[in-house]
Amino acid sequence: QVQLVESGGGLVQAGGSLRLSCAASGSIFRVSTMGWYRQAPGKQREWVAGITSGGRTNYLYSVKGRFTISRDNAKNTVYFQMNSLKPEDVAIYYCNAKPPRVSALKYDYWGQGPQVTVSS
């Protein structure tokens, strides 16, 4: 069993920054592909960014250049630096852990989802 504990959400003005952290228990963190998803009010949850165990990153087009995902395998933690926040970024943000694409492992763990609110 893996637990993902998130921190760092809150309220910020448009143009401001927030950093989310997601600390994982268990040894599978180092091999996991970690991701950040978000769910805005009245909308479906969407993938926002991902980082492989090797550090390869990928982003939703609308956040590219503003948000940065990173990981510290020594601390079993993934980070999400969000700059130039916009009102349309308002959502609950969820940390996720999945096995690598080429893997016999099967799991799908989620954090509790801190709220990110951006005032205009």
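Everything below is about the structure printed above this text.
Residues numbered from 1 in each chain as written. Predicted model: local features only at pLDDT ≥ 70, side-chain atom pairs only at ≥ 80, totals over all residues. Heavy atoms only, no water.

A look at the pattern of salt bridges
Under the counting rule described, the total for this entry stands at four salt bridges. One salt bridge connects Asp89 with Arg38, and the closest N-O pair in it is separated by 3.1 Å. On the criterion of sequence distance, the pair formed by Asp89 in the loop between β8 (77–82) and β9 (91–98) and Arg38 in strand β4 (residues 33–39) is long-range, its members being 51 residues apart. Judged by its relative accessible area of 1%, Asp89 falls in the buried class. For Arg38, a relative accessible area of 7% gives the class buried. Residue Lys98 pairs with Asp108 through a salt bridge whose shortest N-O separation is 3.3 Å. Of this pair, Lys98 sits in strand β9 while Asp108 sits in the loop between β9 and β10 (109–110); the two residues are ten residues apart in sequence, bridging distant segments of the chain. Taking the relative accessible area as the measure of exposure, Asp108 reaches 40% and is therefore partly exposed. Each of Arg38, Glu46, Arg66 and Asp89 takes part in salt bridges that share partners, so that together they form one network. (Salt bridge = Lys/Arg side-chain N within 4 Å of Asp/Glu carboxyl O. Helix = DSSP H or I, 4+ residues; strand = E, 2+ residues; numbered from the N terminus. Buried < 20%, exposed > 50% of the residue type's maximum accessible area, 1.4 Å probe, protein only.)

What about the pairing of strand β3 (residues 18–24)?
Of all seven residues making up β3, five are buried, and the element is well covered by its neighbours. Bridge count for strand β1 (residues 4–7) against β3 is four bridges, and the pairing is antiparallel. Among the inter-strand pairings, Ser7 is bridged to a residue of β3, identified as Ser21. Judged from the six bridges that link them, β3 and β8 form a sheet pairing that is antiparallel. Directly across from Leu20, in β8, lies its bridge partner Phe80. (Pairing = 2+ DSSP bridges.)

Looking at the layout of surface pockets
One number sums up the size of the largest pocket: a volume of about 330 Å³. In terms of lining residues, the largest pocket is bounded by 15 residues, among which Thr33, Gly50, Ile51, Thr52 and Arg101 are the most central. Considering every element that reaches the lining of the largest pocket, the biggest residue donor is β4, with four residues. Partitioned by chemical class, the residues of the lining of the largest pocket number five nonpolar, seven polar and three charged. (1 Å grid on protein atoms, 1.4 Å probe; cavity = no way out; pocket = protein on both sides within 12 Å on 5 of 7 lines; lining within 4 Å. Points joined across faces, edges and corners; volume = space filled by probe spheres on them. Nonpolar A, V, L, I, M, F, W, Y, C, P; charged D, E, K, R; others polar.)

Points about the state of the cysteines
By definition, a disulfide links the sulfur atoms of two cysteine residues through a covalent bond. According to the stated counting rule, one finds one disulfide in the structure shown. Disulfide pairing places Cys22 opposite Cys95 at an S-S distance of 2.1 Å. Here the disulfide of Cys22 and Cys95 is left-handed, its torsion about the S-S bond being about -80°. Taken together, the residues Cys22 in strand β3 and Cys95 in strand β9 connect sequence positions 73 residues apart. We note that Cys22, like Cys95, is buried. (Disulfide = S-S within 2.5 Å.)

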